[in-house]
Amino acid sequence: MVKKLKMPKNDLFKRKSSFWMMLISVGIIGMFFFVMGSSNVQPDTYEIEKFTEAKETIYSPITVTDQKSTDAKIQQAIQAVEEQYTVSSNITEERIEYINEIFDAATKILSDEASAKDTKSTITETERLQNYEQLLSEEIINNVSTEVLRTILNTPDNERQSAKEFLVEQVKGVLNEGVRSDNLEQKRMQLNREILYSKFTGDLQNALRGLASFAVVDNAFPDAKKTTEAQKEAANNVDPVVIKAGDILVEEGEIITSEIYDDLALAGVLKNQGSYVPLIGLLILSSILSFFMFYEWLKQNKLDRNTYITLLILSIGIISIMKVFSYFDTHEFQLYLAVPTAAGVMLIKLLINERFAIVMAVMYAIMGTILFNFEMSGFLNIEAGLYLLFSQLAGIYFLKNVKDRVEIIRVGLGIFITNIFTILIFVLLSFEQLDVTQLLKWSGLGLCSAFLSIVLTIGLLPFFEAGLNILTESKLLALANPNHPLLRKILVETPGTYHHSVMVANLSEAACEAVGANGLLARVAAYYHDIGKSVNPQYFIENQMGKKNPHDLLPPEKSAEIIINHPYDGAYLLKQEKMPKEIIDIAEQHHGTTLLKYFYFKAKEKNPDIQEAAYRYPGPKPQTKEAAIVCVCDSVEAAVRSMHQPSMEKIEETVKSIVNDKLTDGQFDESPLTFQDVHDMQTAICEMLKGIFHSRIEYPNTTNDSSNEE
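Residues numbered from 1 in each chain as written. Predicted model: local features only at pLDDT ≥ 70, side-chain atom pairs only at ≥ 80, totals over all residues. Heavy atoms only, no water.

A short note on the overall build of the protein
Part 1: The secondary structure content of the protein amounts to 29 helices and six strands.
Part 2: Here the C-alpha atoms of the protein give a radius of gyration of 51 Å, more than 25% beyond the 27 Å that 2.2 N^0.38 yields for 710 residues.
Part 3: By principal-axis analysis of the C-alpha atoms, the protein measures approximately 175 × 75 × 65 Å.
Part 4: Looking at the protein as a whole, 45% of its 710 residues are labelled buried.
Part 5: Within the protein, contacts between residues separated by at least 24 positions form 78% of all contacts whose residues are at least 6 apart in sequence.
Part 6: Carbon and sulfur atoms form 56% of the exposed surface of the protein, whose accessible area is close to 38,200 Å².
Part 7: The distance from the centre of the 66 positive side-chain charges to the centre of the 91 negative ones in the protein is 12 Å. (Helix = DSSP H or I, 4+ residues; strand = E, 2+ residues; numbered from the N terminus. Rg over C-alpha atoms; globule rule 2.2 N^0.38 Å. Buried < 20%, exposed > 50% of the residue type's maximum accessible area, 1.4 Å probe, protein only. Contact = heavy atoms within 4.5 Å. Areas by Shrake-Rupley, 256 points an atom, 1.4 Å probe, with all protein chains shown as cover. Lys, Arg positive; Asp, Glu negative; His and termini not counted. Charge placed at Lys NZ, Arg CZ, Asp CG, Glu CD.)

Below you can see the structure in the form of structure tokens.
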């Protein structure tokens, strides 16, 4: 009697709803982060009155410019600017010309007198002085005494020329510096001191002092434009007064003066000063993180219940742990160094995949910059974010197999070393003096982070595996145990199918390893792929054990129905046993939509108009590399097993024929296999079969001597 199993209802509705459930999940994660981080971006406010004693030390939650103090500094800088003057070069040149005129006129008078001696004419001193004064400007006559002019006139030529050069140089220097009406006397005294300590003495020195008083006049006058420009420059050079995030606004016990009160108001920590702007910024950040999380889910085609539940639980857990640790985190005791965020991403790697774990590591690190900002609005703790990121990436990189104790120690050691090096980077880049005690304390926190990460990963993994039926490497190893009830069922009820499945498992694992697919998954799925044959085991040739074939008594369409049902009977049995979805899918897809050729052509002999679709498996076609490889290996093993004395050439020809047949039939169209993968898979299968069906030595018949050998 042919058994039939009631097929489960199509869960198309569940698959469609996964999209919305995933959208809701990322929304919940984003909102949870928003709620946890709201206190970190919106500062605490205090009920404070002027001239009272501060009950606690209050830090500035933001970086803000104190405009009032800045304006006061600018005003002081402007007031400190002296009035600017412009030196008149015309006056300077005029006074120098007067000096030159006095000395040059004396030289001319003496030169004319020397010429007059040749004519034996005599000139009195009074006439000489009168002639001298006639050559001089009225300004000189009116302001220079006759005694000074007489001294200059009576001075020998060499000394007079030396005095002229000295006086011109000194007067020019003073005038070029600028002489104002308020410092005129000071400049004249300065020049007189130079003359006093010069080499000139007696009447000539007195004459030079008289000429200096005449030559030095005020030549610098107020310049409003220059003064304004100087004031602007002074104002621009004033650095603004900035209250930085983390600066102490008032210490505990300090009296709150008007100035301190203004700073508190400026920092926004007084009652009724709460702002919603930081919350808007946090909401935008939460939305961006949620968007990228959802986009990555879609990109990896992870629209399944286990993924969004896993991410939801782990994300809420990691955010909660970071928030709890942040309550005890201070500038002195940086507790974020002990946060076991690596546990979350290691579980994601084991339960989902490595790429998604890396994406979430970046997400959690960004969240950490907010949650560990000491509740100072506008401040991101970049050190905490980098530390958490490196720690998580170390966990992802070093994690290979959680069942191996040595491997567990290696992962923990890798995380710890990464934490230590990250801490050292922060210390060395800070330019602060290295404190060995502090460094040891921080290293201890890094060790706690590594230890807690390993403990949480190992402790929580079984709960996710059992509660969500998630397929992991450890669970695959458990399912591969021959004592598993379903494998025992196959062995007892369908021993031929069991042997066939083991052979398919060996081939599938080798082929998967060759193309970079999950070999362990393919092996375990191959063990269970034909469990549907246990419903009607006698209708499959490997289980007939020499018995009469029941298909000889059935019409082709009935035989085809029994054979075609076995993948879906198997999927049903696996679902009943709550087996992982990946194994159920491979069992359901391992024949794709291939044609049942034997019964199709048998039916066609009787009815040439028979439809081919009635003799094809309904599918779906293999959706993954592992499913496609099991599909090929299932056909190859059956074909090679049916050969009489298979040779290497026959094996290669058979494998190539089966692969080409499935390729042209479109069975790989929906799988990610490439042409290179198909070639590598074919090569690996042939190599594996050659090892199984290697040439054997043909021993001679020793039946007559067998009793002696025993």
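Moving on from the model shown.
Examining a negative patch on the surface
Part 1: Side chains of Asp 44, Glu 53, Glu 56 and Glu 252 sit close together on the surface and give a patch of like negative charge.
Part 2: Inspection of the secondary structure assignment puts Glu 53 in the loop between α1 (12-41) and β1 (58-59). (Patch = residues over 30% accessible without salt bridge, like charges linked within 9 Å, V, L, I, M, F, W, Y side chains within 5 Å. Salt bridge = Lys/Arg side-chain N within 4 Å of Asp/Glu carboxyl O.)

Some details on the side chain of Ser 88
Part 1: Looking at where Ser 88 falls in the secondary structure, it is placed in the loop between β3 (85-87) and α3 (89-116).
Part 2: At a separation of 3.4 Å, a polar atom in the side chain of Ser 88 contacts the main-chain amide nitrogen of Ile 91.
Part 3: Excluding residues that lie within four positions of it along the chain, Ser 88 makes contacts with Asn 219 and Phe 221. (Polar contact = N/O pair within 3.5 Å; in protein donor to acceptor, adjacent residues only side chain to side chain.)

Brief notes about the packing of helix α22 (residues 519-528) against helix α24 (residues 581-589)
Part 1: With their axes 9 Å apart at the nearest point, α22 and α24 run at an angle of 60° to one another. What the angle tells us is that α22 and α24 run oblique. Crossing handedness for the pair α22 and α24: right-handed. Here α22 contributes Leu 521, Val 524, Ala 525 and Tyr 528 to the contact with α24, which in turn contributes Glu 582, Ile 583, Ile 586 and Ala 587.
Part 2: Of the residues contributing to the contact of α22 with α24, the split by class is seven nonpolar, no polar and one charged. (Axes fitted to C-alpha atoms, helices over the stretch in contact; angles between N-to-C directions. Parallel < 35°, antiparallel > 145°, perpendicular 65-115°, else oblique. Left-handed = near helix turned anticlockwise from the far one by under 90°. Nonpolar A, V, L, I, M, F, W, Y, C, P; charged D, E, K, R; others polar.)

Quick word on helix α28 (residues 675-692)
Part 1: End to end, α28 covers 26 Å across 18 residues, agreeing with the expected 26 Å (1.5 Å per residue, within 8%).
Part 2: Of the residues making up α28, those classed as buried are Asp 677, Val 678, Met 681, Gln 682, Ala 684, Ile 685, Cys 686 and Leu 689.
Part 3: Buried positions along α28 lie against α21 (495-515), α26 (625-641) and α27 (648-664). (Expected span 1.5 Å × (residues − 1).)

A closer look at the confidence of the model for the protein
Part 1: Here the protein shows a mean pLDDT of 84. Residues at 70 or above account for 92%.
Part 2: Predicted confidence in the protein is weakest over helix α29 (residues 706-709), with a mean pLDDT of 33, and strongest over helix α16 (residues 382-398), with 94.
Part 3: This stretch, residues 6-13, has a pLDDT under 50; its non-local contacts, to residues over four places away or in other chains, come to six contacts. (pLDDT = per-residue confidence, 0-100.)

Describing the packing of aromatic side chains
How two aromatic rings sit relative to each other is given by the distance of their centres and the angle of their planes.
Part 1: Counted under the stated rule, the structure contains 11 aromatic pairs.
Part 2: Aromatic pair Tyr 98 and Phe 214: ring centres 5.6 Å apart, planes at 45°, arrangement tilted. One end of the pair, Tyr 98, is in helix α3; the other, Phe 214, is in helix α9 (residues 202-215), and 116 residues separate them in sequence.
Part 3: Ring-pair connections join several aromatic residues into one group, and the members of that group are Phe 291, Phe 292 and Tyr 295.
Part 4: Here Arg 95 stacks its cationic end above the ring of Phe 214, 4.6 Å away from the centre of that ring.
Part 5: In this structure, Arg 180 is placed above the aromatic ring of Tyr 85, and the distance from its NZ or CZ to the ring centre is 4.8 Å. (Phe/Tyr/Trp six-rings, centres within 6.5 Å; stacked < 30°, edge-to-face > 60°. Lys NZ or Arg CZ within 6 Å of the ring centre and 35° of its normal.)

A closer look at the packing of α27 against α28
Part 1: Running from amino to carboxyl end, α27 crosses α28 at an angle of 150°, the nearest separation of the two axes being 10 Å. Considering the angle they form, α27 stands roughly antiparallel to α28. You can see that α27 and α28 cross each other, and the crossing is right-handed. Mapping the contact onto sequence places Met 648, Ile 651, Glu 652, Val 655, Lys 656, Val 659 and Leu 663 in α27 and Phe 675, Val 678, Met 681, Gln 682, Ile 685, Cys 686, Leu 689 and Lys 690 in α28.

Remarks on α26
Part 1: Compared with the 24 Å implied by 1.5 Å per residue over 17 residues, the 24 Å span of α26 between its first and last C-alpha is a close match.
Part 2: Among the 17 residues of α26, 13 are classified as buried, and the element is accordingly described as predominantly covered.

Notes on the state of the cysteines
Part 1: Summed over all chains, the structure comprises zero disulfides.
Part 2: Left unpaired, Cys 512 is separated from the closest cysteine sulfur, that of Cys 633, by 7.5 Å. (Disulfide = S-S within 2.5 Å.)

Quick notes on the environment of Tyr 600
Part 1: Relative to the elements of secondary structure, Tyr 600 occurs in helix α25 (residues 597-606).
Part 2: Between the alpha carbons of Tyr 600 and Ala 560 there is a distance of 8.1 Å; along the sequence they are 40 residues apart.
Part 3: Beyond its immediate stretch of four places on either side in the chain, Tyr 600 contacts Leu 595, Ile 610, Gln 611, Glu 612 and Tyr 615.

Quick notes on the pattern of salt bridges
Between side chains of opposite charge, a pair can form when the charged atoms approach closely.
Part 1: In this structure the tally under the stated criterion is 21 salt bridges.
Part 2: For Asp 104, the salt bridge identified is with Lys 164, shortest N-O distance 2.9 Å. Placement of Asp 104 in helix α3 and of Lys 164 in helix α7 (residues 157-177) is noted, with a sequence separation of 60 residues between them.
Part 3: A relative accessible area of 40% means that Asp 104 is categorised as partly exposed.
Part 4: Among the salt bridges present, the one from Glu 147 reaches Arg 150, with a minimum N-O distance of 3.0 Å. Here Glu 147 and its partner Arg 150 are both found in helix α6 (residues 146-154), three residues apart, which amounts to about one turn of the helix.
Part 5: Take Glu 147: its relative accessible area is 49%, and that puts it in the partly exposed class.
Part 6: Within this structure, Glu 612, Arg 616 and Asp 665 form a network of salt bridges that share partners.

Focus on the nonpolar core
Part 1: If you look at the biggest cluster of nonpolar residues, it comprises 66 residues, and the most contacted ones within it are Ile 348 and Phe 372.
Part 2: Listed by contribution, the elements that provide at least two residues to this core are α1, α12 (277-299), α13 (305-327), α14 (341-351), α15 (354-371), α16, α17 (405-429) and α18 (436-468).
Part 3: Ile 348 has contacts with Leu 311, Leu 314, Asn 353, Phe 356, Ala 357, Met 360 and Tyr 364, leaving out every residue within four places of it along the chain. (Core = buried A, V, L, I, M, F, W, Y, C linked by side-chain atoms within 4.5 Å.)

A closer look at unusual backbone geometry
Part 1: Looking along the chain, the bond that leaves Gly 619 and enters Pro 620 is cis, with omega of 10°.
Part 2: A positive phi angle is found at Phe 51, which is not glycine, with a value near 65°.
Part 3: Tracing the chain through its elements places Phe 51 in the loop between α1 and β1.
Part 4: The phi dihedral of Lys 578 is positive, around 55°, even though this residue is not glycine.

Some words on the side chain of Lys 187
Part 1: Within the secondary structure, Lys 187 sits in helix α8 (residues 184-196).
Part 2: A distance of 2.9 Å separates polar atoms of two side chains, one belonging to Lys 187 and the other to Glu 177.

What to know about the environment of Gly 385
Part 1: Counting through the fold element by element, Gly 385 comes out in helix α16.
Part 2: A relative accessible area of 7% places Gly 385 in the buried class.
Part 3: The spacing of Gly 385 and Gly 368 is 17 residues in sequence and 5.3 Å in space, taken between C-alpha atoms.
Part 4: If we skip the residues at most four places from it in the chain, Gly 385 touches Ala 365 and Thr 369.

Structural notes on the environment of Ser 449
Part 1: Within the secondary structure layout, Ser 449 lies in helix α18.
Part 2: Owing to a relative accessible area of 0%, Ser 449 belongs among the buried residues under this scheme.
Part 3: The contacts of Ser 449, once residues within four sequence positions are left out, are Leu 337, Ala 338, Val 339, Pro 340, Tyr 387, Ser 391 and Asn 419.

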